[in-house]
Amino acid sequence: MASRLGVTTSSSSSSSTMITNESRSMSFSSHFSGQCVNMGARLQRRRARCHVVLVTSMAVEQRPVIVGLAADSGCGKSTFMRRLTSVFGGAASPPKGGNPDSNTLISDTTTVICLDDYHSLDRTGRKEKNVTALDPRANNFDLMYEQVKAIRDGKAIEKPIYNHVTGLLDPPETILPPKIFVIEGLHPMYDPRVRELLDFSIYLDISDEVKFAWKIQRDMAERGHSLESIKASIAARKPDFDAYIDPQKQYADIVIQVLPTQLIPDDNEGKVLRVRMIMKEGVPNFIPVHLFDEGSTISWVPCGRKLTCSYPGIKFFYGPDTYYDNEVTILEMDGQFDKLEELIYVESHLSNVSSKFYGEVTQQMLKHADFPGSNNGTGFFQTIVGLKIREVYESIIAKGGASLEAVKA
Ligand SMILES: Nc1ncnc2c1ncn2[C@@H]1O[C@H](COP(=O)(O)OP(=O)(O)OP(=O)(O)O)[C@@H](O)[C@H]1O
Ligand SMILES: O=C(CO)[C@H](O)[C@H](O)COP(=O)(O)O
């Protein structure tokens, strides 16, 4: 079957959905030679489909740049992704005309896939085997690796869909290689083979107290869950979270850590947050942000004439540290902004935020003032990380490191 972009999908995937990026870094000619990947998992036997589409005769200029975003469920991945795609100018939307329950988000530059789509056990299967979705046994890492590699090599894939509405595995959707391919979910850095494919990686590290507050807010207010069921679900996931998800933060190039404030003694409301951006040193194409003076250790209370702060105020910290034996730079913000437009005052004291013009971080924050976390360090640092990803992408392209010729060599 031939698509409008001239990419042909394998014959057995008749129910798959073609997904396109409006502007892509590669142009494809009209020929196809099909290739089935050995999925080697129960899912493959059950569904008996080919899951990689080989695109031949490509006039390829560059391979996609691959970004991994890891976090537990309900920890702000979607919000972060919306901030990231906005940095590139376009809105992200689910595949047009595809499965309405697809987890994929496509914009001009980025395609974001959710790694829940690589669950090998559906909801019933997990219940029968008494495993959580965080357990590697409930996920198909062979397929994840083969498909992320295929995208990195400039090939389209037939990716499964995990349907969160029904709890079932739906027929696959076709994903074409974009400029930037983001894999977000529970395990982007779990499998060493997948980890090796990442050009840049981020871990959202939300402390238990804050995670609990966010989950209550969302699952009670928006999804009608009871307090008891939320507590039970967090407790049931905790051992697997500690075993399989949390350790991935040691591999991340940036960790955004979200903790309760230290500005209010014994705070138990969880509304004011202390957010730390932990940036690894020596990562290719990435220079950490610094405050005032690179390499110094600085504690800064910016409240006063140029920044309005109500109780409990705002405090920044900046300095070098070690994290899992790696040298890192930490930028920390505790507290929240009263007037978002005054953020320009803080931005003007930061260097290496990877903005293209003066005030770009503040502009992005104002644009999405209604997103969760826009008045504190979560939104502020997520926005900066979005600009960093753009810079990583642009510098890989500028150096020619993403040409498919370089990949082959
Ligand atoms: N920075 C933030 N500040 C306050 N609340 C937040 C923040 N980020 C997320 N939340 C809360 O957490 C909820 C989940 O956020 P989001 O949908 O972005 O997470 P997710 O990781 O994509 O979740 P899931 O994987 O379950 O879809 C939001 O509805 C909001 O209530
Ligand atoms: O940890 C999760 C990541 O989003 C989900 O709980 C997992 O994907 C299972 O989804 P569901 O609860 O809808 O069956």
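Residues numbered from 1 in each chain as written. Chains lettered and ligands numbered in written order. Predicted model: local features only at pLDDT ≥ 70, side-chain atom pairs only at ≥ 80, totals over all residues. Heavy atoms only, no water.

Caption draft 1: Highlighting the side chain of histidine 119. Along the polypeptide, histidine 119 turns up in the loop between strand S7 (110–114) and helix H3 (123–129). A polar contact is formed between the side chain of histidine 119 and the side chain of asparagine 139, at a distance of 2.8 Å. (Helix = DSSP H or I, 4+ residues; strand = E, 2+ residues; numbered from the N terminus. Polar contact = N/O pair within 3.5 Å; in protein donor to acceptor, adjacent residues only side chain to side chain.)

Caption draft 2: Geometry of the side chain of glutamate 347. By the secondary structure assignment, glutamate 347 is in helix H8 (residues 343–347). Comment: no salt bridge for buried glutamate 347; closest opposite-charge side chain is arginine 390, at 9.1 Å. A distance of 2.6 Å separates a polar atom in the side chain of glutamate 347 from a polar atom in the side chain of threonine 362. Setting aside residues up to four positions removed in sequence, glutamate 347 forms contacts with Gly359, Glu360, Val361 and Thr362. (Buried < 20%, exposed > 50% of the residue type's maximum accessible area, 1.4 Å probe, protein only. Lys, Arg positive; Asp, Glu negative; His and termini not counted. Salt bridge = Lys/Arg side-chain N within 4 Å of Asp/Glu carboxyl O. Contact = heavy atoms within 4.5 Å.)

Caption draft 3: Region of the structure containing the layout of surface pockets. A volume near 320 Å³ is recorded for the second largest pocket. If you go around the second largest pocket, you meet 14 residues; those closest to its centre are Arg195, Leu198, Asp199, Ser201 and Asp253. Contributing elements (two or more residues each) for the lining of the second largest pocket: helix H5 (192–197) and strand S11 (200–206). Looking at the lining of the second largest pocket, the element that brings in the most residues is H5, giving three residues. Looking at the lining of the second largest pocket residue by residue, the class counts come to seven nonpolar, two polar and five charged. (1 Å grid on protein atoms, 1.4 Å probe; cavity = no way out; pocket = protein on both sides within 12 Å on 5 of 7 lines; lining within 4 Å. Points joined across faces, edges and corners; volume = space filled by probe spheres on them. Nonpolar A, V, L, I, M, F, W, Y, C, P; charged D, E, K, R; others polar.)

Caption draft 4: Summary view of unusual backbone geometry. The omega torsion of the bond from tyrosine 311 to proline 312 falls at 5 degrees, within 30 degrees of zero and hence cis. Considering the arrangement of structural elements, one finds proline 312 in the loop between strand S15 (298–300) and strand S16 (314–323). Notably, asparagine 285 is not glycine yet its phi reads approximately 70 degrees, a positive angle. Position of asparagine 285 relative to the elements: it lies in the loop between strand S13 (273–280) and strand S14 (290–291). In this structure, asparagine 352 takes a positive phi of about 60 degrees despite not being glycine.

Caption draft 5: Here's a closer look at the site of ligand 2. Around ligand 2 sit Ser73, Asp116, His119, Arg123, Arg126, Ala133, Tyr162, His164, Leu186 and Arg237, and that is every residue in its neighbourhood. Residue aspartate 116 places a side-chain N or O atom 2.7 Å away from an oxygen atom belonging to ligand 2. One of the side-chain N or O atoms of tyrosine 162 is found 2.6 Å from an oxygen atom in ligand 2. (Near = heavy atom within 4 Å.)

Caption draft 6: Here's a closer look at the site of ligand 1. Ligand 1 sits among 14 residues. The nearest are Gly74, Gly76, Ser78, Thr79 and Thr378. Between cysteine 75 and ligand 1, the recorded distance is 3.0 Å, taken from a backbone N or O atom to an oxygen atom. Glycine 76 places a polar main-chain atom, nitrogen or oxygen, 2.9 Å from an oxygen atom of ligand 1. Contact with the protein chains removes 82% of the 630 Å² of surface that ligand 1 exposes when unbound. When residues of the shell around ligand 1 are traced back to their parent elements, those giving at least two are helix H2 (77–87) and helix H6 (208–221). Among the residues making up the shell around ligand 1, the classes are represented as three nonpolar, eight polar and three charged. (Areas by Shrake-Rupley, 256 points an atom, 1.4 Å probe, with all protein chains shown as cover.)

Caption draft 7: Looking closely at the nonpolar core. Formed by 55 residues in total, the largest nonpolar core has its most connected members in Ile202, Met277, Phe316, Leu331, Phe380, Phe381 and Ile384. Broken down by element, the residue count for this core peaks at nine residues, all from helix H10 (residues 377–398). Filtering out sequence-adjacent residues up to four positions away, phenylalanine 381 remains in contact with Ile256, Val275, Arg276, Met277, Leu331, Glu332 and Met333. (Core = buried A, V, L, I, M, F, W, Y, C linked by side-chain atoms within 4.5 Å.)

Caption draft 8: Here's a closer look at helix H7 (residues 227–245). At lysine 238, H7 shows its largest kink, close to 40 degrees, and the proline proline 239 lies no more than four residues downstream. For H7, the set of buried residues is Ile230, Asp240, Phe241 and Ile245. Contacts made by the buried residues of H7 are with S11 and H6. (Bend = angle between axes of the 7 residues up to and from the residue.)

Caption draft 9: Region of the structure containing the pairing of strand S5 (residues 65–70). In terms of burial, S5 is largely enclosed, as six of its six residues are buried. The alternating pattern of S5 places Val65, Val67 and Leu69 and Ile66, Gly68 and Ala70 on opposite faces, both of which are buried. Here S5 pairs with strand S10 (residues 180–185) via six bridges, running parallel. Paired with alanine 70 across the bridge in S10 is glycine 185. (Pairing = 2+ DSSP bridges.)

Caption draft 10: A look at the pattern of salt bridges. Counted according to the given criterion, the structure contains 20 salt bridges. Between lysine 159 and aspartate 117 there is a salt bridge whose closest N-O contact spans 2.7 Å. In this pair, lysine 159 is assigned in strand S8 (residues 156–163) and aspartate 117 in the loop between S7 and H3, connecting sequence segments 42 residues apart. You can call lysine 159 buried: its relative accessible area is 0%. With a relative accessible area of 0%, aspartate 117 lands in the buried category. One network of salt bridges, with partners in common, ties together Arg63, Arg152 and Asp199.

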